[in-house]
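One letter stands for each residue in the lines below.
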Amino acid sequence: MASRELKINPLFSLKTQLCLGAIVLLTVTVAAIGYLLIDQQRRTLRHGLMETVIAQGRSASSGSENVLQSGKAESKLSPFVKHFLANGGHITSLAIIDADGIARGHSEPQYVSKPFEPDLSSLEPISMDDLRDGETLHQSDDAFHFYTPIQNHGEIIGHVSLSYSKRELKDSMHRAFTTTLIVSAIA
């Protein structure tokens, strides 16, 4: 009697199924870990940039306090604003407003000596524990917007309105995403 050989399709063998299952499980695990890493990096980078925006705004506030009280604030604040913008990273707009709501220093010279009220109505407010009384932080798609009082001995003598581009955040996110994606693909 001739023995019949049982042929098993290699695609349906237990060994192949276990191997494919392990590959799928490993791929899903690496993808999940990659996603979690990217999300954590995004949150860390965003929070760090918001802290930078707040620090820049407070620095502008403390740096303009004495100048705002002087008799010729506009002529003294113009070089201060230019210097601040040149050294402030990705600051796109800076306004120093006196207690009467008049811009005494501004990154756009045509707004100096004119009433200035930042329009925050279309912006998304951000709540942070780092904000002090009178400070607000908002965001648009392209920038963070920080508004902080200028104080002298506890009295509010003006405000600083600062806009900071999210370009740095987007570039950092892109680099982090690319690096994590490459490492995940290799894994």
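Residues numbered from 1 in each chain as written. Predicted model: local features only at pLDDT ≥ 70, side-chain atom pairs only at ≥ 80, totals over all residues. Heavy atoms only, no water.

### Observations regarding the packing of aromatic side chains
How we decide: To pair, rings of Phe, Tyr and Trp, with the six-membered ring standing in for Trp, must have centres within 6.5 Å; the planes then decide the type, stacked if under 30 degrees apart, edge-to-face if over 60, and tilted in the middle. In this description a helix means any DSSP run of H or I spanning at least four residues, a strand means any run of E spanning at least two, and both kinds are numbered starting from the N terminus. Burial status follows relative accessibility: with a 1.4 Å probe on protein chains alone, a residue under 20% of its type maximum counts as buried, one over 50% as exposed, and anything between as partly exposed.
A complete count under the given rule lists one aromatic pair for this structure. The interplanar angle of 35 degrees and the centroid separation of 5.7 Å between the aromatic rings of Phe 80 and Phe 84 together place this pair among those described as tilted. Residue Phe 80 and its partner Phe 84 are both found in helix α2 (residues 73–87); the two are separated by four residues, about one turn of the helix. For the pair Phe 80 and Phe 84, a shared accessibility class is recorded, and that class is buried.

### Quick word on unusual backbone geometry
Phi angles above zero are rare outside glycine, and Ser 113 is one such case at about 70 degrees. Summarising the element assignment, Ser 113 is placed in the loop between β2 (103–106) and β3 (124–126). Its relative accessible area of 39% is what places Ser 113 among the partly exposed residues. Despite not being glycine, His 153 has its phi angle at roughly 55 degrees, a positive value. Along the polypeptide, His 153 turns up in the loop between β5 (143–152) and β6 (155–165).

### Observations concerning the nonpolar core
As a reminder, the rule being used: What is meant by a nonpolar core is a set of buried Ala, Val, Leu, Ile, Met, Phe, Trp, Tyr and Cys residues, joined one to another through side-chain atoms within 4.5 Å. Contacts between residues were defined by any pair of non-hydrogen atoms, one from each residue, lying within 4.5 Å.
Among the nonpolar cores identified, the biggest contains 27 residues, and Leu 94, Ile 96, Leu 137, Phe 144 and Leu 162 are the most heavily contacted of them. Looking at which element gives the most residues to this core, the answer is helix α1 (residues 14–69), with seven residues. With residues near it in sequence (within four places) discarded, Leu 137 still touches Met 50, Val 53, Ile 54, Glu 124, Pro 125, Ile 126, Met 128, Leu 131, Phe 144, His 145 and Phe 146. Counting residues in hydrophobic clusters, the runner-up holds five residues, among them Ala 95, Ile 97, Ala 103 and Phe 116.

### Remarks on the sheet that holds β5
The test is simple: The criterion for strand pairing is that DSSP finds at least two bridges linking the strands in question. An axis is simply a line fitted to the C-alpha atoms; with a helix, the fit covers only the stretch in contact. Between two such axes, the angle follows the N-to-C directions and lies from 0 to 180 degrees.
The six strands are arranged β2-β1-β6-β5-β4-β3 in an open sheet whose pairing can be described as antiparallel. The two strands at the open ends of the sheet, each matched to only one other strand, are β2 and β3. The sheet shows a mean angle of 20 degrees between the axes of neighbouring strands, taken without regard to direction. Bridge count between strand β4 (residues 136–139) and β5: four bridges; the pairing is antiparallel. Residue Thr 136 lies in a different strand from β5, and its bridge partner there is Tyr 147. Its contacts with the sheet place α2 against β1 (91–98), β2 and β6, and it is angled at close to 155 degrees to β1.

### Description of α2
In plain terms, the rule: An expected span of 1.5 Å times one less than the residue number is assigned to each helix. Comment: arc refers to directions from the helix axis out to C-beta atoms.
Its 15 residues place the ends of α2 21 Å apart at the C-alpha level, agreeing with the 21 Å of an ideal helix rising 1.5 Å per residue. Every buried residue of α2 is accounted for by Ala 73, Leu 77, Phe 80, Val 81 and Phe 84. For α2, the buried positions fall inside an angular range of 105 degrees around the axis, keeping them on one side. Away from the buried face of α2 by more than 90 degrees, exposed residues Lys 82, His 83 and Ala 86 are located. Elements in contact with the buried residues of α2: α1, β1, β2 and β6. In the stretch just after α2, Gly 89 is the one whose phi turns positive, near 75 degrees.

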